[in-house]
Amino acid sequence: MDNAKLKWIYLALLSLIWGSSFILIEQAIKGLDFVQVGALRITVTAIFLFSVGLNKVKLIKRSQWKWIFWTAMAGSLFPVFLFALAQEQLDSGVTSMLNSLTPLHTVVFGVLLFGVAVSKRQIFGVLIGLVGALVLIIAGANFHESQNYWYSIFVLMATLGYGLNVNMIKKYLNDVNALAIVTGNFVIIVIPALLILIFTGFFNDIWHNEAMQKALGYVVILSFFGTAIAKVIYSRLVQISSPVFASSVTYTMPVVAIFWGVLDGEKLSPYQVLGGVIILLGVYLVNKKAKQKEK
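Values in this document were obtained by computation on a predicted structure and should not be read as measured data.

Before going further, it helps to spend a moment on the overall build of the chain. Regarding its fold elements, the chain presents 13 helices and zero strands. Secondary structure of the chain in N-to-C order comes out as α-α-α-α-α-α-α-α-α-α-α-α-α. Considering only C-alpha atoms, the chain reaches an extent of 55 × 50 × 35 Å along its principal axes. Put simply, the chain has 295 residues, and 56% of those count as buried. Residue pairs at least 24 apart in sequence account for 90% of intrachain contacts in the chain once pairs closer than 6 positions are excluded. When the accessible surface of the chain is summed, it comes to about 13400 Å², and 69% of that surface belongs to carbon and sulfur atoms.

Counting residues in hydrophobic clusters, the biggest one holds 84 residues, and the most contacted among them are L14, W18, L32, I42 and L98. For this core, the leading source of residues is helix α3 (residues 65-86), giving twelve residues.

Any region with low pLDDT has predicted coordinates that should not be read closely. Per-residue confidence for the chain gives a mean pLDDT of 86, with 96% of residues at or over 70. Of all secondary-structure elements in the chain, the lowest mean pLDDT belongs to helix α13 (residues 270-294), at 71, while α3 reaches the highest, 96. Per-residue pLDDT stays below 50 along residues 290-295; that stretch engages in seven contacts with residues further than four places along the chain or on separate chains.

What follows is about a nonpolar patch on the surface. A surface patch of nonpolar side chains, amounting to about 740 Å² of accessible area, comprises V108, V111, L112, L113, V116, V118, I123, L127 and L130. Listed by contribution, the elements that provide at least two residues to the nonpolar patch are α5 (102-114) and α6 (120-143). For the nonpolar patch, the leading source of residues is α5, giving four residues. Within the element layout of this structure, L130 appears in helix α6. Taking the relative accessible area as the measure of exposure, L130 reaches 40% and is therefore partly exposed.

Before going further, it helps to spend a moment on the packing of aromatic side chains. On inspection of all chains with the given rule, the structure shows eleven aromatic pairs. Relative to Y172, the ring of W67 lies with its centre 3.8 Å away and its plane at 0°, an arrangement referred to as stacked. Taken as a pair, W67 in helix α3 and Y172 in helix α7 (residues 152-172) lie far apart in primary sequence, 105 residues in all. When the ring of F202 is compared with that of F203, the centres are 5.2 Å apart and the planes differ by 80°; the resulting orientation is edge-to-face.

Here we come to the packing of α5 against α7. It is at 8 Å that the axes of α5 and α7 come closest, and there the two elements cross at 55°. In terms of orientation, α5 lies oblique with respect to α7. Judged by the twist between their axes, the crossing of α5 over α7 is right-handed. Of the residues in α7, those touching α5 at T102, H105, T106, F109, G110, L113 and F114 are L156, T159, L160, Y162, G163, L164, V166, N167, M168, K171 and Y172. In the contact of α5 with α7, the residues fall into ten nonpolar, seven polar and one charged.

This part takes up helix α12 (residues 253-263). Every buried residue of α12 is accounted for by M253, P254, V256, A257 and G261. In a view along the axis of α12, the buried residues occupy a sector of 160°, so they form one face of it. Facing away from the buried side of α12 by over 90 degrees, the exposed positions are V255, V262 and L263. Against α1 (3-28) and α4 (92-98) lie the buried residues of α12. Downstream of α12 by a residue or two, G265 has a phi angle that is positive, lying close to 95°.

Attention now moves to α5. Buried residues of α5: T102, P103, L104, H105, T106, V107, F109, G110 and F114, and no others. Immediately beyond the C-terminal end of α5, within one or two residues, lies G115, with a positive phi of roughly 70°.

Topologically, Q87 is positioned in the loop between α3 and α4. Ignoring anything within four residues of it in the chain, the contact list for Q87 reads F22, I25, E26, I29, S92 and T95.

Mapped onto the fold, W260 is located in helix α12. Sequence separation between W260 and I153 is 107 residues; the distance between their C-alpha atoms is 23 Å. Not counting residues up to four positions away in its chain, the partners in contact with W260 are G19, S20 and I23.

Conventions used here
- Residues numbered from 1 in each chain as written.
- Predicted model: local features only at pLDDT ≥ 70, side-chain atom pairs only at ≥ 80, totals over all residues.
- Heavy atoms only, no water.
- Helix = DSSP H or I, 4+ residues; strand = E, 2+ residues; numbered from the N terminus.
- Buried < 20%, exposed > 50% of the residue type's maximum accessible area, 1.4 Å probe, protein only.
- Contact = heavy atoms within 4.5 Å.
- Areas by Shrake-Rupley, 256 points an atom, 1.4 Å probe, with all protein chains shown as cover.
- Core = buried A, V, L, I, M, F, W, Y, C linked by side-chain atoms within 4.5 Å.
- pLDDT = per-residue confidence, 0-100.
- Patch = residues over 30% accessible without salt bridge, like charges linked within 9 Å, V, L, I, M, F, W, Y side chains within 5 Å.
- Salt bridge = Lys/Arg side-chain N within 4 Å of Asp/Glu carboxyl O.
- Phe/Tyr/Trp six-rings, centres within 6.5 Å; stacked < 30°, edge-to-face > 60°.
- Axes fitted to C-alpha atoms, helices over the stretch in contact; angles between N-to-C directions.
- Parallel < 35°, antiparallel > 145°, perpendicular 65-115°, else oblique.
- Left-handed = near helix turned anticlockwise from the far one by under 90°.
- Nonpolar A, V, L, I, M, F, W, Y, C, P; charged D, E, K, R; others polar.
- Arc of directions from axis to C-beta.

See below:
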């Protein structure tokens, strides 16, 4: 299958997988704290990846390992902790809508650090997206007074990491096998994650804590699909398309996430929905030029 068709299949798969990951995180933090969720997610993902991709690591050149390190930090290590921390206070649907800022940050970093040309339409799209984020946060703070919407900052920090990560993959690792990139990332971060997990007392408590055992099941599902498989697909998608096209998976992720959230009893105010729509409008304007180039 040619790349023009394949990229849309990858985009659909990622939308379904990552759109479902927010509700899995929310279920996991009912039995684990955010540090345990993040560290466990990395550790379990590493087990999956090493079983199938460790032999691919040799494809990474010595000069490329510094970029493997930085993509591991920006795209894997910090975001898993930041999202888990944010969802201790924010609903999964809200978190997914804030995550839609990723394409906007992809453009910002592309312009500032990677010499990517930008149009006035894209600049306008970035500004609209930021307005949408403010509407979403302010409306949520008024509608859900029991939730601390300052935790939105952690989602914004994670999306900054994602925006930086996708640009680095495209510019410095575009010729590296996708499974090799992701496995290399986890070679770097698995030991720190495992040490953190040991330090939290997870291995002592899990044996007699039913809530933790249930949460472990959610993290295993999240790690296998939402991290291991999805990251390989995403790295390949970046390579066969463009950074902005790949990050536009955030168009449809919120739809999936909100669907699961509603089933779980979450509620959104009309103004929150409006904020999400404004964000997606900004993403559309940012992405429009890239789509025209790829035809």
